[in-house]
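Coordinate analysis (summary)
The lines below spell out each chain.
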Amino acid sequence: MIRFDDVVKRFGSHTVLDHLDFSVDRGDKVTLIGPSGSGKTTILRLLMTLETVSDGVIWVDGKPLTHEYRGTRLVPAKEKSLREARKNIGMVFQQFNLFPNMTVLQNITEAPVHVLGQTRDQAVQQAKVLLDMVGLSDKESAHPHQLSGGQQQRVAIARCLAMSPQVMLLDEVTSALDPELVDGVLAVLRDIATSTDITMLIVTHEMRFAREVSDRVLMFDAGRIAEEGPPEQIFEDPREERTREFLKAVL
């Protein structure tokens with residue numbers, strides 16, 4: 001479903017991703033762990049086309065994400081191609097990024113109507129189902145400032161799902177929350193991971209959550225994969241000293 005093919009990302013003279021190769025199968029839940037600055041969030045931002053690759057090609061569902069074919073050559077994609085590719089990918093950010101002037105229901109229905117072309121009735125019906133799923137069916141008329149951080153993040157998750165993405169990206173979605181609100185958000189994500197076939201790429205410091213939902217865990221260090229494997233192996237018997245050091249620090 002996702003393939004990074006010799007991807008390099010530089011910011012000025014600083015190389016954040018260093019000739020990165022990895023793939024994620026359709027429906028898999030893959031968690032990226034590692035120290036801050038190791039390139040994890042940059043991977044998600046590249047998939048959302050919020051950043052452009054310096055070199056290499058990213059493929060999603062067999063098609064080049066950041067490039068398009070001109071004859072037989074791959075060239076950087078124009079904005080129209082990027083917009084189309086983005087429709088299949090949803091991201092939930094650390095900060096909730098809800099529209100403060102809109103109600104919860106409006107926040108969830110806006111993109112399906114204007115981007116996917118759904119009717120307002122279709123979008124509202126779907127939003128109500130999603131709000132029920134995330135435990136917020138009584139908050140559809142509320143504005144973001146009337147919600148706790150955990151409730152705002154659950155709205156952001158519902159908004160992401162409203163676009164019916166094939167790929168869901170989660171970027172430290174609990175890091176801005178008070179500790180007592182974290183479990184509610186993780187419970188919603190656990191349900192999505194176990195009950196849907198959405199491909200999920202997860203950046204998190206919640207190691208228990210990573211262990212529970214992941215098919216595979218990738219340990220990143222300095223823009224490269226230091227180690228990868230099933231969660232049982234990574235968390236119980238890591239092979240690399242760098243992975244052992246990192247887990248000792250965070251567990």
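Residues numbered from 1 in each chain as written. Predicted model: local features only at pLDDT ≥ 70, side-chain atom pairs only at ≥ 80, totals over all residues. Heavy atoms only, no water.

1. With respect to the environment of Q94
Structurally, Q94 is set in the loop between β8 (89-92) and α3 (104-114). Judged by relative accessible area, which is 30%, Q94 ranks as partly exposed. With 119 residues separating them in the primary sequence, Q94 and V213 have C-alpha atoms 19 Å apart. For Q94, the side chain forms a polar contact with the side chain of S175, separated by 3.4 Å. (Helix = DSSP H or I, 4+ residues; strand = E, 2+ residues; numbered from the N terminus. Buried < 20%, exposed > 50% of the residue type's maximum accessible area, 1.4 Å probe, protein only. Polar contact = N/O pair within 3.5 Å; in protein donor to acceptor, adjacent residues only side chain to side chain.)

2. Details of α3
Along α3, the residues classified as buried are V104, L105, N107, I108, T109, P112 and V113. Looking at the buried residues of α3, the elements they touch are α4 (120-133) and α5 (149-161). (Contact = heavy atoms within 4.5 Å.)

3. Focus on the UniProt feature "domain: ABC transporter" (unreviewed entry) in the protein
Annotation from UniProt places "domain: ABC transporter" (unreviewed entry) at residues 2-247. Each end of residues 2-247 is marked by a C-alpha atom, and these two atoms are 26 Å apart; helix forms 37% of the span and strand 28%. (UniProt positions renumbered as here; feature names shortened; annotations may be inferred.)

4. Considering the pattern of salt bridges
Applying the stated criterion across every chain yields a total of 15 salt bridges. Between E51 and K9 there is a salt bridge whose closest N-O contact spans 4.0 Å. Of this pair, E51 sits in the loop between α1 (40-47) and β4 (55-60) while K9 sits in strand β1 (residues 2-11), and the two are 42 residues apart along the sequence. In this structure K9 comes out as buried when scored by relative accessible area, which is 6%. (Salt bridge = Lys/Arg side-chain N within 4 Å of Asp/Glu carboxyl O.)

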